[in-house]
Amino acid sequence: TLEITATGDLEFPFFAMAYCPELDRYASGRWGGESIDVSDGDMNLLATYSVELPSTVSQGVWCDESYLYFVRSANNGHSSEIRVYDWEGTLIYEIPLMLDSVIEPESISIFDGVAYIVCNVAGFANGLVYSLTLSTTAQG
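Criteria and thresholds
Within any chain, residue numbers begin from 1 and follow the written order of that chain's sequence. The model is predicted, so local features are restricted to residues of pLDDT at least 70 and side-chain atom pairs to those at 80 or more, both for listing and for counting; the totals for chains, interfaces and linings are taken over all residues. Side-chain measures here rest on the full set of heavy atoms in the structure, leaving out hydrogens and waters. Using only the protein atoms, space was sampled on a 1 Å grid; points where a 1.4 Å probe fits but cannot get out form cavities, open sets with protein on both sides within 12 Å along at least five of seven lines form pockets, and lining residues are those with an atom within 4 Å of a point. Grid points are joined across faces, edges and corners, and a volume is the space filled by probe spheres set on the points. Secondary structure counts use DSSP, requiring at least four H or I residues in a row for a helix and at least two E residues in a row for a strand, with both numbered from the N terminus. Here the term charged refers only to Asp, Glu, Lys and Arg, the term nonpolar to Ala, Val, Leu, Ile, Met, Phe, Trp, Tyr, Cys and Pro, and the term polar to all other amino acids, Gly among them. Note: two strands are recorded as paired if DSSP finds a minimum of 2 bridges between them. Lines fitted to C-alpha atoms define the axes here, with helix axes fitted over just the stretch in contact, and angles between the N-to-C directions of these axes take values from 0 to 180 degrees.

A. Quick look at empty space enclosed by the protein. Counted according to the given criterion, the structure contains one cavity of 30 Å³ or more. Roughly 50 Å³ of internal volume is contained in the largest cavity. Lining the largest cavity are F15, G29, G33, S35, I36, V51, P54, F70, R72, R83 and Y85. Secondary-structure elements contributing two or more residues to the lining of the largest cavity are β3 (35-40), β6 (67-73) and β7 (80-86). The residue inventory of the lining of the largest cavity, partitioned by class, reads six nonpolar, three polar and two charged.

In structure tokens form, the structure reads like this:
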């Protein structure tokens, strides 16, 4: 219905948050991406994981029952990327995104194995949406 049913304050800051209905859990990233928080469906903090602070800029997150997908934009010579963690905060994949320097990925959504990345384009009124097919190989 898009009605606001409740509001409140969280004990911790975050740059992006995603919900996994299969697990009834939320995943969020703090500040620059040096911590990942996992909360239950009632927003009770279950765990905080310290992770390596990425050189890229914090943007959006998506999650499913296996992974947390953080899309991050380029910064100081480091390319945009997707960082994939498991629900215990272990970095599983780093996927570089070779985007033009004026393209800034903002958010990520995944549907049927396809990642959709919404991007802002500096100097233009409209944005871009990229789609990536996700798969794993025997090598990871």
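B. Fine view of the pairing of strand β10 (residues 114-121). Strand direction decides the pairing type here: strand β9 (residues 103-111) and β10, joined by eight bridges, are antiparallel. Each residue of the ladder has a partner; that of I108, found in β10, is I117. Turn length for the β9-β10 hairpin, with the two strands adjacent in sequence and antiparallel, is two residues, and the turn residue D112 shows positive phi of about 50°. Pairing geometry for β10 and strand β11 (residues 128-133), over six bridges, is antiparallel. Paired with A115 across the two strands is L132, which belongs to β11. In sequence, β10 turns back onto β11 through a hairpin of six residues, with G123 there showing a positive phi of about 85°.

C. Representation of the sheet that holds β11 within the structure. Across the sheet, three strands lie side by side as β9-β10-β11; this open sheet has antiparallel pairing. Where the open sheet ends on each side, the last strands, each with one partner, are β9 and β11. Sheet twist, expressed as the average angle between the axes of neighbouring strands with direction ignored, equals 25°.

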